[in-house]
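Examination of the molecular architecture
Residue-level listing of the chains:
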Amino acid sequence: MDYPREEKRPNTPSVDLPITLRDLLEAGVHFGHKRRRWNPKMRPYIFAEKQGIHIIDIRITLELLKRAYEKMMEVARDGGRILFVCTKRQGKDIVEEEAKRAGVFYITERWLGGLLTNFQTIKKRIEYLKDLERMEQDGRLQLLPKKEAIQLLRQKEKLERVLGGIKDMNKLPDLMYVVDVREEEIAVREARKLGIPVIGLVDTDGDPDSVDYVIPGNDDAIRSIRLITKILADAVIAGKQGKDTLVPEKEFEESEAPQQEASSEKTESEKAEEESPSEAPGAEELSTEGSATTEDSSSVESSPTAEPTEASSAEGKVSEGSGDVGEASQESETPEETEGKEEEKEAV
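Calculation rules
- Residues numbered from 1 in each chain as written.
- Predicted model: local features only at pLDDT ≥ 70, side-chain atom pairs only at ≥ 80, totals over all residues.
- Heavy atoms only, no water.
- pLDDT = per-residue confidence, 0-100.
- Contact = heavy atoms within 4.5 Å.
- Salt bridge = Lys/Arg side-chain N within 4 Å of Asp/Glu carboxyl O.
- Helix = DSSP H or I, 4+ residues; strand = E, 2+ residues; numbered from the N terminus.
- Buried < 20%, exposed > 50% of the residue type's maximum accessible area, 1.4 Å probe, protein only.
- Core = buried A, V, L, I, M, F, W, Y, C linked by side-chain atoms within 4.5 Å.
- Polar contact = N/O pair within 3.5 Å; in protein donor to acceptor, adjacent residues only side chain to side chain.
- Phe/Tyr/Trp six-rings, centres within 6.5 Å; stacked < 30°, edge-to-face > 60°.
- Pairing = 2+ DSSP bridges.

**Observations regarding the confidence of the model for the protein chain**
A residue-level look at the protein chain finds 65% of positions with pLDDT of 70 or above and a mean pLDDT of 77. Every residue in residues 1–13 is under pLDDT 50, and counting partners more than four places away or in other chains gives 30 contacts.

In structure tokens form, the structure reads like this:
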């Protein structure tokens, strides 16, 4: 039996998603539940019925997915806290993987009643979990009796399995993404009670009025859950990148001022180092050579002309020559001559 589709479709923002209708078809997003299990509120999102199974209109799914994508990106850009929830066996590993990739909080084990409405009590259990982790790191657990240490380790593992995804969530989330609103009925009711917007992957047996952003699609197939969750995780990453790149001018100027002061201090210190004498080996030799060259240049500049210098040098050579001749005559006397002189003195 075919159901008439609504002519009016929700106004969607102009966001270009990296998927097409073919991708949704290949992932099996269009498969719904049997007709006997359907929720009449899902009539606007159903395209047809084939062999007793409802077929979801994926054109509407793509449009509504764009709305959810923009909302997710907006909250991530503003620095909001986002929570992914999926406790179904076939989807919890996928949701945990994508949540870690996007850097958001997640719940993939059973939903603790009052996790949002009684968050103060949940925070105490989270603090207890952190205390057990510190005890294990410091080695204090090894000092306890063996039986008591084993019990504490079991408590730690249980708390880590249930609350590990929200261990660092100090406040309530600003947005929540849920897979299968029927399975996570308690989580959806708590979020609506606290006014937290909810994005939900709703199958033909779910209630679209229970969530704020409906994504009609198959919530049982692994490929369908992976595709929708991946798109929303990409929206979170895109929003965080936009937040990092868009910096207000005032914050940029304030952050730039200390950098300029530090750079000016560095330049002043460098100049002082350049002006100070170097202590490297060989500096004294360079200084002596420099002084010698300065003395030579000063002596050359002090002489008025070149002729007197030549004359003085010639006179010096003559005097040096005469002195050399006298010395040579003294040195040229032989021992025989000296003995003959002594005999003549004795005869006289």
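**Thoughts on the pattern of salt bridges**
Side-chain pairing between opposite charges can occur once the charged atoms of the two side chains come close. The tally for this structure, following the rule as stated, stands at 20 salt bridges. The shortest N-O distance in the salt bridge between Lys100 and Glu96 comes to 3.1 Å. Remark: Glu96 and Lys100 occur in helix H3 (residues 92–102); sequence separation between them is 4 residues, near one turn of the helix. With a relative accessible area of 53%, Lys100 lands in the exposed category. Between Lys167 and Glu133 there is a salt bridge, and its shortest N-O distance comes to 3.1 Å. Residue Lys167 is found in the loop between helix H6 (146–163) and strand S6 (175–179), and its partner Glu133 is found in helix H4 (residues 119–138); the two are separated by 34 residues along the sequence. Glu133 gets classed as buried once you look at its relative accessible area, which sits at 19%. Where salt bridges share partners, they join Lys88, Asp180, Asp219 and Asp220 into one cluster.

**Examining the nonpolar core**
One finds Met72, Ile82, Phe84, Tyr177, Ile199 and Leu232 to be the most contacted residues of the largest nonpolar core, which totals 37 residues. When residues of this core are traced back to their parent elements, those giving at least two are helix H1 (21–27), helix H2 (58–77), strand S4 (82–85), H3, S6, strand S7 (198–202), strand S8 (213–216) and helix H8 (222–245). A total of 9 residues in this core trace back to one element, the largest contributor, which is H2. Trp38, Ile126, Val198 and Val211 belong to the second largest nonpolar core, which has 34 residues in total.

**Observations concerning the environment of Asp23**
Structurally, Asp23 is set in helix H1. With 201 residues separating them in the primary sequence, Asp23 and Ser224 have C-alpha atoms 9.7 Å apart. Residue contacts for Asp23: discarding those within four places in its chain leaves Pro18 and Leu227.

**Focus: the environment of Lys167**
Residue classification places Lys167 among the buried positions, given a relative accessible area of 18%. It is 9.7 Å that separates the C-alpha atoms of Lys167 and Tyr106, two residues lying 61 residues apart in sequence. With residues near it in sequence (within four places) discarded, Lys167 still touches Ile126, Leu129, Lys130, Glu133 and Glu160. Polar contacts involving the side chain of Lys167 include one to the side chain of Glu133, which spans 3.1 Å.

**Quick word on the packing of aromatic side chains**
One pass over the structure, following the stated rule, counts 1 aromatic pair. Judged by centre distance (5.1 Å) and plane angle (70°), the rings of Phe84 and Tyr177 are edge-to-face. Here Tyr177 lies in strand S6 and Phe84 lies in strand S4, a separation of 93 residues in the sequence. For Tyr177, a relative accessible area of 0% gives the class buried.

**Observations concerning the pairing of strand S2 (residues 46–50)**
The pairing of S2 with strand S3 (residues 53–56) spans 4 bridges and is classified as antiparallel. Counterpart to Ile46 in the pairing with S3 is Ile56. What sits between S2 and S3 in their antiparallel hairpin is a turn of 2 residues, with Gln51 showing a positive phi close to 55°.

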